[in-house]
Amino acid sequence: MNTRFGTLRALPLAVAASLALWGGAAPAQTQEPINIVINQSPWLEGFANVVDLYQQQTGNSVTLDVNPYAGSLEKQRNAVRAGESEYDILIVNGIFYPEMYEGGFLEPLTDIDPDFTLDPQVYTFDDTLWYDSETKTVNAETGDLLTIPVNPNITMMFYRADLYEKHGLEKPETWDELLANAKAIQEAEGIVGMKQRAARATISISWDYWPYLNSFGGSLFRDESGGDFFVTLNSPEALEALKMYLKIAEEVGPPNPASMDQATLIQYIVTGQAAHAVLPVAAQSQMDDPNKSAVVGKIGYMNLPHAPGHESAPAIGHWLGGVPRNLPDANKQAAVAFLDWFQQPETQIAYAEMGGSPVSAAAYEGAFAEKPENRYMIAMRDALPTARRMWTIPEGAEIVAVTEVGLNRAVAGEIGPVEALNSMAAEIEKIMQDAGFETGRLPDLAD
Amino acid sequence: MAMVQASRPVRFLTVLPALLFLVLLSMLPLANLLALSFAKVTWAEGSARWDWVGLANYRALADDALFEAGILNTLILVVSATTLQVGIGLGLALICSRLGRSARAYRTLFLLPILIPGIIIGAIWKLMYNVQFGIINQALALVGLGPVDWLGSSSLALASVIAVDVWHWTPFSFLLLLAAVEALPKDVFEAAQIDGAGAWRTFRRITLPLLWPAIFTTFIFRAIIAFKVFDEVYLLTGGGPGTSTQVISFTIYQRFFVQDSAGYGAAMSVFVMFLVAVVIGVAMTRQKARTR
């Protein structure tokens, strides 16, 4: 095996081996070896499995360079800014892809292989696969196809379905109903009612808060899709959303919610110490694993709540695979060959079977999704139509640095919600001004 | 034997390779950092573009809450951690100097923390501080206390980081001060003993003044290193909760690399270097005046 990633893939190997036998004897290598830079995430294991399958089926060699989240981003930036990239495929996060797009660092996939077409069953995640360099917008009609999705990370509510049944609770539609359910379980069972991902990181609390913001009718900009970058983060709707976020943290959260990161949330859920947590869908792979979970078969999945009169708005934090421009042609061809193989319906179903999170309706709408152990796929199917991207501008890296600190300080109690929103809006307005956008911001919220 | 005096050009040529080496390795990167601090760098179409922004990056420092928190927390950490390290290091050095032959074993034991890589220290202490299964909370539970969220509580997180820094770096102070203690002139102490001076009086009036230059130098060395603290914060708290453990190196890392604001990150770096130089310069000047 050529991956630098460890060997923790015993179970799926049987599937992989049997699928590899489709082609009879091991095929000869037809493409250059490729090197993929990827981050360490809950979905890595599934992706590594599918990479193994590719190697077995095609004889082509793939290396995974696995890094912490921020480290992966740094390596990607360095690679595309060098004379020649050391990576053939970049696995770019749904938050940071705009800087790769606008910087002109990725080669349109159809320029590498004119015959390449996106499989019609692959989800397009708010059209974030295409980029129009003239209008500097993501646009499926006029843009170039720069990436294909490799992971569908949207947020979902993970909850203790067994406790819901025990206490006769209904799935919540609104945040208030969620709060009531979390309180009921917390009081009856003595476990934490709701865990929020409120820690500061490269991106953590922002991704957790955004579904509240959007589902209260708030937004970062007045109309980003229409090119209106007037900052509206300090709107009354955003304030209501933040107050609700803080209320949940205070009433049904752990004692120090401001330090809760994703790994801690997963730890609390799999050890049966929390009733609810909003997590990326990829974390489902750990819930029914008896080696990692004390709540096998007890976790249910549902779409996120919303404010009355609004719709649920899970945040898209998907991952995209793209090919750097600064590569030799043979490497570009090899990279596209992998991506093309990856997006095919049969690969996507195999990806799901091997513990991955597929990106194609072929997996979510087939019989496979109806099995009890794949129940997350039903919730995912419901959530995808209303999932919302956070932003599509390269200044996202600067914006998220502001929101991570501002929101976390509010949860930690260093500043109040009004001051947090006003100060974040002011900082974001300045970032946009400095970047040359026509911008502005709402008047400060009053205390 | 008579010394041959080299001519001025020969002396200059002799020093030149070392000078060039210094310029290449130190001055050029510093000059590049300084130039970067007056620019905004953007990447487009695969190449970097530098736009001159004058003092804008420096002016922006005044409005940066993360920078302000970073400076404040770093100063708290530098003063408290360094004071504790020098104090404990001095105590251990004095004890060790009286142990005779067994001192060697203790010396090795005391030096262990400084030999452990930062990443391992982070992992060890993160586990020890864990609210649910950390050994510290388990020990507290035995006497009916806790659990305490050492790293998750805004009021405790910085103190917890300082405790790790003290554990990690006290051996450095110990090592420097032990050398100074062992070099103290014995006759002075014998004379004090003959004159009937007690232990505390001897320590206050003789040991401490004689050791003062070494203590001061150790403090300055440690303060300079402590000012650069990064790995402990990165591994233990990530600067949070809120800004309670935000230190300046971590702020620079976030602005420079994560946020990709190279110009602004460079301005922050230059300012911090200037600040450290001023603080150290003032301290050295005062020490010289005191010595005179």
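None of these values were measured; they are calculated from a predicted model. (Residues numbered from 1 in each chain as written. Chains lettered and ligands numbered in written order. Predicted model: local features only at pLDDT ≥ 70, side-chain atom pairs only at ≥ 80, totals over all residues. Heavy atoms only, no water.)

Some details on the overall build of chain A
Regarding its fold elements, chain A presents 16 helices and 12 strands. Against the 2.2 N^0.38 benchmark of 22 Å for 447 residues, chain A shows a C-alpha radius of gyration of 22 Å, consistent with a compact globule. For chain A, the spread of C-alpha atoms along the principal axes amounts to about 65 × 55 × 30 Å. A burial count over chain A gives 62% of its 447 residues as buried. For chain A, the share of sequence-separated contacts (at least 6 apart) that also reach a separation of at least 24 residues comes to 75%. Placing the 28 positive and 60 negative side-chain charges of chain A at their respective mean positions leaves the two points 6 Å apart. (Helix = DSSP H or I, 4+ residues; strand = E, 2+ residues; numbered from the N terminus. Rg over C-alpha atoms; globule rule 2.2 N^0.38 Å. Buried < 20%, exposed > 50% of the residue type's maximum accessible area, 1.4 Å probe, protein only. Contact = heavy atoms within 4.5 Å. Lys, Arg positive; Asp, Glu negative; His and termini not counted. Charge placed at Lys NZ, Arg CZ, Asp CG, Glu CD.)

What about the sheet that holds strand β6 (residues 147-151) of chain A?
All names here are of chain A. Sheet architecture is open: 5 strands sit in the order β2-β1-β3-β12-β6, paired in mixed fashion. Whereas interior strands pair on both sides, the edge strands pair on one side only; in this sheet they are β2 (62-67) and β6. The average angle at which neighbouring strand axes cross in this sheet is 30°, direction not considered. In this sheet, strand β3 (residues 89-93) lies alongside strand β1 (residues 34-39) in parallel orientation, the contact comprising 2 bridges. Counted as the bridge partner of V37 is L90 from β3. Those strands touched by helix α2 (residues 44-58) are β1, β2, β3 and β6, and its axis lies near 165° from that of β2. (Pairing = 2+ DSSP bridges. Axes fitted to C-alpha atoms, helices over the stretch in contact; angles between N-to-C directions.)

Overview of the domain arrangement of chain A
Residue and element names in this part refer to chain A. Assigned domains of chain A: these are domain 1 (10-153 + 316-374) and domain 2 (155-314 + 389-434). Computed from C-alpha coordinates alone, the two centres of domain 1 and domain 2 are separated by 28 Å. Between domain 1 and domain 2, the residue contacts involve 24 residues of the former and 24 residues of the latter. Approximately 1,900 Å² of surface area, both sides summed, lies buried where domain 1 meets domain 2, with 59% of it carried by carbon and sulfur atoms. Of all residues in domain 1, P42, I95 and I316 give up the largest surface area on contact with domain 2, accounting jointly for 31% of the area buried on that side. The residue R389 makes a salt bridge to D126 at a minimum N-O spacing of 3.8 Å. At the junction of domain 1 and domain 2, the tally comes to 3 residue pairs in polar contact (both at pLDDT 80 or more). Looking at the side of domain 1 that touches domain 2, the elements with two or more residues in it are α3 (69-81) and α4 (97-102). Here the side of domain 1 that touches domain 2 gets 4 residues from one element, more than from any other, and that element is α4. The residue makeup of the side of domain 1 that touches domain 2, split by class, is 11 nonpolar, 7 polar and 6 charged. (Domains from an automatic or database assignment. Buried area = accessible area lost by both parts, 1.4 Å probe. Salt bridge = Lys/Arg side-chain N within 4 Å of Asp/Glu carboxyl O. Polar contact = N/O pair within 3.5 Å; in protein donor to acceptor, adjacent residues only side chain to side chain. Nonpolar A, V, L, I, M, F, W, Y, C, P; charged D, E, K, R; others polar.)

Remarks on the confidence of the model for chain A
Residues with a pLDDT of 70 or more make up 94% of chain A, whose mean pLDDT is 91. A low-confidence stretch, residues 19-23 of chain A (pLDDT under 50), is modelled with 8 contacts involving residues beyond four sequence positions or located in other chains. (pLDDT = per-residue confidence, 0-100.)

Remarks on the interface of chain B and chain A
With 31 residues of chain B in contact, the opposing surface of chain A contributes 26 residues. In total, chain B and chain A occlude about 2,300 Å² of area from one another, counting both sides; carbon and sulfur atoms represent 44% of this. Counting every contact that joins chain B to chain A gives 2 salt bridges. One salt bridge connects D260 of chain B with R81 of chain A, and the closest N-O pair in it is separated by 2.5 Å. Applying the counting rule to chain B against chain A returns 14 residue pairs in polar contact (both at pLDDT 80 or more). Every element with two or more residues in the side of chain B that touches chain A is listed here: β1 (39-44), α3 (65-97) and α11 (248-258) of chain B. Among the elements that line the side of chain B that touches chain A, the one with the most residues is α11 of chain B, at 6 residues. A class-by-class count of the residues in the side of chain B that touches chain A yields 11 nonpolar, 15 polar and 5 charged.

Some words on the nonpolar core
In this structure, I36, W43, F47, I91, F338 and F342 of chain A are the most contacted members of the largest nonpolar core, which totals 90 residues. Ignoring any residue separated from it by four or fewer positions in sequence, one finds F338 of chain A in contact with I34, I36, F47, V51, Y54 and I89 of chain A. (Core = buried A, V, L, I, M, F, W, Y, C linked by side-chain atoms within 4.5 Å.)

Some words on the environment of V80 of chain A
All names here are of chain A. Locating V80 in the fold gives a position in helix α3. For V80, a relative accessible area of 4% translates into the label buried. Every residue in contact with V80, bar those within four places of it in the chain, is listed here: L90, M100, F105, P324 and N326.

Here we look at the packing of helix α5 (residues 118-129) of chain B against helix α7 (residues 157-182) of chain B
Residue and element names in this part refer to chain B. Interaxial distance between α5 and α7 falls to 11 Å at its minimum, and their mutual angle equals 135°. For the element pair α5 / α7, the angle class is oblique. Seen from above, α5 lies across α7 with right-handed handedness. For the pair α5 and α7, contact is made by I121, W125 and Y129 and by S160, A163, V164, W167 and H168, respectively. Grouping the constituent residues of the contact of α5 with α7 by class yields 6 nonpolar, 2 polar and no charged. (Parallel < 35°, antiparallel > 145°, perpendicular 65-115°, else oblique. Left-handed = near helix turned anticlockwise from the far one by under 90°.)

A look at the pattern of salt bridges
Scanning the entire structure with this criterion turns up 22 salt bridges over all chains. Here D65 of chain A makes a salt bridge to K75 of chain A, at a shortest N to O gap of 3.4 Å. Separated by 10 residues along the polypeptide, D65 of chain A in strand β2 and K75 of chain A in helix α3 bring together distant segments of the chain. Under the relative-accessibility criterion, D65 of chain A is labelled buried at 5%. The network of salt bridges with common partners includes R77, R81 and E99 of chain A together with D260 of chain B.

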